[in-house]
Amino acid sequence: MRILLAFPRGFCAGVNMAIETLEEALRRLPPPIYVYHEIVHNRWVVSEFTRRGVIFVDDLNEVPRGATLLYSAHGVSPEIRRRAEELQLRTVDATCPLVTKVHREVIRFAEQGFTVLLVGHAGHDEIVGTMGEAPHAIRLIENEEQADTVTVPDSQKVAYSTQTTLSVDDAERIVSRLRARFSALHGPARDDICYATQNRQEAVRVLAAEADLFLVVGSQNSSNSRRLAEIAAASGIPAYLVDGPHELHEDWFHPDQTVGITAGASAPESLVQGCVAYLRERFDAIVEERVLREENVHFSLPIELRDARRAARES
Ligand code: SF4
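Everything numeric in this text was worked out from a predicted model, so none of it was measured.

1. Quick notes on the overall build of the chain
The helix and strand tally for the chain stands at 11 helices and 12 strands. In terms of principal-axis extent, the alpha carbons of the chain reach across some 60 × 60 × 30 Å. Residues classed as buried in the chain amount to 53% of the 315 residues present. A fraction of 74% describes how many contacts in the chain between residues 6 or more apart in sequence connect residues 24 or more apart. Element-wise, carbon and sulfur atoms account for 48% of the exposed surface of the chain, whose accessible area totals about 14,400 Å². Side-chain charges of the chain comprise 34 positive and 46 negative groups, with the mean position of each set lying 5 Å from the other.

2. Observations concerning the site of the ligand
What surrounds the ligand is the set Cys12, Gly14, Cys96, Leu98, Thr164, Thr165, Cys194, Tyr195 and Ala265. A class-by-class count of the residues in the shell around the ligand yields six nonpolar, three polar and no charged.

3. Brief notes about the side chain of Thr68
Tracing the sequence through the fold places Thr68 in strand S4 (residues 68–71). A relative accessible area of 6% means that Thr68 is categorised as buried. Residue contacts for Thr68: discarding those within four places in its chain leaves Leu29, Pro30, Pro32, Ile33, Tyr34 and Arg90.

4. Section: the packing of helix H8 (residues 195–208) against helix H9 (residues 223–234)
Packing of H8 against H9 brings their axes to within 9 Å, and their N-to-C directions diverge by 20°. Between H8 and H9, the angle falls in the class roughly parallel. Handedness of the crossing formed by H8 with H9: right-handed. Of the residues in H9, those in contact with Thr197, Arg200, Gln201, Val204, Arg205 and Ala208 of H8 are Asn224, Arg227, Leu228, Ile231 and Ala232. The residue makeup of the contact of H8 with H9, split by class, is five nonpolar, three polar and three charged.

5. With respect to the domain arrangement of the chain
Domain boundaries in the chain define domain 1 (2–11 + 195–291), domain 2 (13–96 + 299–314) and domain 3 (98–181). A C-alpha centroid distance of 27 Å is found between domain 2 and domain 3. Between domain 2 and domain 3, the residue contacts involve 11 residues of the former and 11 residues of the latter. Here domain 2 meets domain 3 over a buried area of about 850 Å², counting both sides, of which 59% is carbon and sulfur. For the domain 2 face of the interface with domain 3, the top three residues by lost area are His74, Pro78 and Cys96, together amounting to 46%.

6. Description of the pattern of salt bridges
All chains considered together, the criterion is met by 28 salt bridges. The partner of Arg9 in a salt bridge is Glu289, and the shortest N-O contact between them spans 2.7 Å. Taken together, the residues span a long stretch of sequence, with Arg9 in the loop between strand S1 (2–7) and helix H1 (13–28) and Glu289 in strand S12 (residues 286–291) at a distance of 280 residues. The shortest N-O distance in the salt bridge between Arg177 and Glu144 comes to 2.6 Å. Taken together, the residues span a long stretch of sequence, with Arg177 in helix H7 (residues 168–181) and Glu144 in helix H6 (residues 144–149) at a distance of 33 residues. A single salt-bridge network, built from bridges that share partners, covers Glu144, Asp148, Asp170, Arg173 and Arg177.

7. Description of the environment of Ala239
Structurally, Ala239 is set in strand S10 (residues 239–242). Look at Ala239 and you get partly exposed, because its relative accessible area is 22%. Residues Ala239 and Thr68 lie 171 residues apart in sequence; the distance between their C-alpha atoms is 40 Å. With residues up to four places along the chain from it excluded, the contact list for Ala239 reads Phe214, Ala229, Ala232 and Ala233.

8. Some points on the nonpolar core
One finds Leu22, Val35, Ile39, Val40, Phe49, Phe56 and Leu70 to be the most contacted residues of the largest nonpolar core, which totals 30 residues. Among the secondary structure elements, those contributing two or more residues to this core are H1, strand S2 (33–36), helix H2 (43–51) and helix H11 (303–314). Looking at this core element by element, the count peaks at seven residues for H1. Every residue in contact with Ile39, bar those within four places of it in the chain, is listed here: Ala18, Leu22, Val45, Val46, Phe49, Phe56, Leu70, Ser72, Ala73, His74 and Ala94. Of all hydrophobic cores here, the second largest spans 22 residues; its members include Val217, Trp252, Leu271 and Phe283.

The rules behind the values
- Residues numbered from 1 in each chain as written.
- Predicted model: local features only at pLDDT ≥ 70, side-chain atom pairs only at ≥ 80, totals over all residues.
- Heavy atoms only, no water.
- Helix = DSSP H or I, 4+ residues; strand = E, 2+ residues; numbered from the N terminus.
- Buried < 20%, exposed > 50% of the residue type's maximum accessible area, 1.4 Å probe, protein only.
- Contact = heavy atoms within 4.5 Å.
- Areas by Shrake-Rupley, 256 points an atom, 1.4 Å probe, with all protein chains shown as cover.
- Lys, Arg positive; Asp, Glu negative; His and termini not counted.
- Charge placed at Lys NZ, Arg CZ, Asp CG, Glu CD.
- Near = heavy atom within 4 Å.
- Nonpolar A, V, L, I, M, F, W, Y, C, P; charged D, E, K, R; others polar.
- Axes fitted to C-alpha atoms, helices over the stretch in contact; angles between N-to-C directions.
- Parallel < 35°, antiparallel > 145°, perpendicular 65-115°, else oblique.
- Left-handed = near helix turned anticlockwise from the far one by under 90°.
- Domains from an automatic or database assignment.
- Buried area = accessible area lost by both parts, 1.4 Å probe.
- Salt bridge = Lys/Arg side-chain N within 4 Å of Asp/Glu carboxyl O.
- Core = buried A, V, L, I, M, F, W, Y, C linked by side-chain atoms within 4.5 Å.

Below, the structure is given as structure tokens:
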């Protein structure tokens, strides 16, 4: 068996920053630490932090007045920030800067009187947060059919933005339908689909052409991980989205296969290595890492924690 290990894979700069933020909060701030929604969409990461005393909530009514609350990498709506202020919470914002960029974009379009067609998945934490910035001006577009039928008050004042973790190809299809309908359609100056999503999708697309089967390490509620599995499957091979080696089934594999492996942006490398070890032990697999692109993106910790860290160093 041959394993083609995709690179880039796994943690992106936004996930690294969010996890490091929570680590710093655990080190420097009084417990318990509350987090609004999952810090990143990965079961293993969330259960590890839960074991260490972090409390994840989906409703601010579960957070006591004056407590410490982290906003996850996916961002929150202004309504959540307002409610947190009312509850006098000490907040730390671990929103990925690339999500914040989309928030700013939709605010700017809405202030200029545009209707914003936001391409994304209903109910995803990121979309809920972004829509909350200008609910009166945003229409959610989930598929090509909705792109074909959406109505707007003024066809000369229409813009689009997208969720950061969409399939590049799906998003392009939807946006081209919108362009065909609205000739004056405005868009973001730079892609909203983030570098990490694009790079991981590109690597899967290239390697799937050589593989007999693809494993994507990631959780079912991770949008970018699901897209990776869909892209691999679209090339006509079996593709499995698994949380880790414990979900692998021996009868999926044959000793003479080429198996592609990648990981979504929120999946830890230890779980990837667990899958590699599983195939090595059972099928004597050899590993080839394929580097499709280098990544050198890094985001700083939120200002609230940089200050706490500096104060601790100086004391
Ligand atoms: S996937 Fe992209 S937008 Fe989401 S946290 Fe990572 S870098 Fe940020």
